[in-house]
Amino acid sequence: MNENKIATDDMNYDKILREIYKEVSPLFNQGKVVQYIPALSAVPASKFGMAVCTLDGDVYTIGDTDERFSIQSISKVYALTLAFKMVGEDMWKRVGKEPSGNPFNSLVQLEYERGIPRNPLINAGSLVIADILLSQIPDPKHEILKFVRKTSGNSDIQYDNAVIASEKITGHRNMALAHMMCSFRNIYNPVDDVLDVYFHHCGISMNSIDLARSFMYLANHGVIPQSNEYIISNSRAKRINALLLTCGLYDESGDFAFRVGLPGKSGVGGGIVAVLPGKLSVAVWSPALGPSGNSLAGIQALELFTTKTGMSVF
Ligand code: GLU
């Protein structure tokens, strides 16, 4: 392994991905597939897919990259982008931009901080984003799906209704978070409508290639490189990437920045997506999770990727 490798355009990504797959596979059995969402609890821990999309339009893959999985919290980034586009800096009156240092579904901090979530990437923050969208547009579920299809270039991306139904039955913590924020007057729409939008976007199902593609606008200063379509300003893309770096992996965000050095977002379905602005996006899926709810092999794979390529934001 060459730890000092300099980023070049003739990087042998295929070889690097093969090495990564081999090196992370012993981790597949060491984590635990998410159990609190029953519809996801039987996904095989041995699944692994990794896809790299470069701004030049190249795609490199290894493993189960054609298989769809539940992106869960990764979807919070699409909802955040839409809300940021609509309400701009006013958003920060209702949600903060600091790491939480707490589990993604924690109630404790929210009580202390009077219903203002630490950031838009923890569950409470994303519920506020869902509420903002409900106040802005008639059908946020439709708009979020449209957004994902547009940014990924795949018009066939769907909601997984079994996963959504599963979360509606078991998502008591999310219900508690939404009701608590309602009591602090930081949710304006009916709680059930807010939860419905939130559970839907968490239930988007897509494969690693689509996932990497759908984050290319954040690797390309707010513009979809494939279509040249403007999504958000350069400055706002920078702000979203800053939130991904500081808050994207919950209370493991510091460790992820330390080990990987890229803005990224994880989900309890085992997906993680990260971007290197100006260069590429990379998505990985491995369902077995560590104690913070992030994919064990996924983090290791991304750490190996930035180490082997010498590419990171630092
Ligand atoms: N839908 C999941 C929940 O609300 C998302 C959690 C995650 O992916 O981190 O609990």
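Look a little higher up for the structure.
Attention in this report is confined to the structure presented alongside it. (Residues numbered from 1 in each chain as written. Predicted model: local features only at pLDDT ≥ 70, side-chain atom pairs only at ≥ 80, totals over all residues. Heavy atoms only, no water.)

### Comments concerning the pattern of salt bridges
Throughout the structure, instances matching the rule amount to 16 salt bridges. Residues E19 and K308 are paired through a salt bridge, measuring 2.8 Å at the closest nitrogen-oxygen approach. Of this pair, E19 sits in helix α1 (residues 13-24) while K308 is found in helix α13 (residues 296-309), placing the two residues 289 residues apart along the sequence. A salt bridge links K47 to E67; the shortest N-O distance between them is 3.0 Å. Residue K47 is located in the loop between β1 (32-33) and β2 (49-54), and its partner E67 is located in the loop between β3 (59-63) and β4 (69-70); the two are separated by 20 residues in the primary sequence. E67 sits in the partly exposed class, given a relative accessible area of 32%. (Salt bridge = Lys/Arg side-chain N within 4 Å of Asp/Glu carboxyl O. Helix = DSSP H or I, 4+ residues; strand = E, 2+ residues; numbered from the N terminus. Buried < 20%, exposed > 50% of the residue type's maximum accessible area, 1.4 Å probe, protein only.)

### A few points about the environment of A79
Within the fold, A79 resides in helix α2 (residues 76-87). Owing to a relative accessible area of 1%, A79 belongs among the buried residues under this scheme. Taking the C-alpha atoms as reference, A79 lies 8.7 Å from P140; in sequence the two are 61 residues apart. The contact partners of A79, leaving out residues within four places of it in the chain, are I129, L133, I144 and H201. (Contact = heavy atoms within 4.5 Å.)

### Considering the pairing of β2
Counting buried residues along β2, six of its six residues qualify, which places the element largely inside the surrounding structure. Burial of β2 is two-sided: the residues G49, A51 and C53 facing one way and the residues M50, V52 and T54 facing the other way are all buried. In terms of strand pairing, β2 meets β3 through five bridges, oriented antiparallel. Its bridge partner being in β3, G49 is matched across the sheet by G63. Bridge count for β2 against strand β11 (residues 280-285) is six bridges, and the pairing is antiparallel. Note that in β11 the partner of M50 across the bridge is V284. (Pairing = 2+ DSSP bridges.)

### So, empty space enclosed by the protein
On inspection of all chains with the given rule, the structure shows two cavities of 30 Å³ or more. Space inside the largest cavity adds up to approximately 80 Å³. Surrounding the largest cavity, 14 residues form its lining, S106, Q109, L110, I122 and A124 being those nearest its centre. Along the lines of polarity and charge, the residues of the lining of the largest cavity split into seven nonpolar, five polar and two charged. Within this model, the second largest cavity holds a volume of roughly 60 Å³. Forming the boundary of the second largest cavity are Y36, Q72, S73, F104, N123, E167, N174, Y198, C202, Y250 and V268. (1 Å grid on protein atoms, 1.4 Å probe; cavity = no way out; pocket = protein on both sides within 12 Å on 5 of 7 lines; lining within 4 Å. Points joined across faces, edges and corners; volume = space filled by probe spheres on them. Nonpolar A, V, L, I, M, F, W, Y, C, P; charged D, E, K, R; others polar.)

### What about the site of the ligand?
Every residue lining the ligand is accounted for by Y36, Q72, S73, F104, N123, E167, N174, Y198, C202, Y250, G267 and V268. N123 places a polar side-chain atom, nitrogen or oxygen, 3.1 Å from an oxygen atom of the ligand. Between N174 and the ligand, the recorded distance is 2.8 Å, taken from a side-chain N or O atom to an oxygen atom. At a threshold of 2 Å from the grid points, most atoms of the ligand map onto the second largest cavity. Of the residues that constitute the shell around the ligand, the class distribution is six nonpolar, five polar and one charged. (Near = heavy atom within 4 Å. Polar contact = N/O pair within 3.5 Å; in protein donor to acceptor, adjacent residues only side chain to side chain. Sits in = over half its atoms within 2 Å of the grid points.)

Without other data, these values stay purely geometric and don't point to any function.
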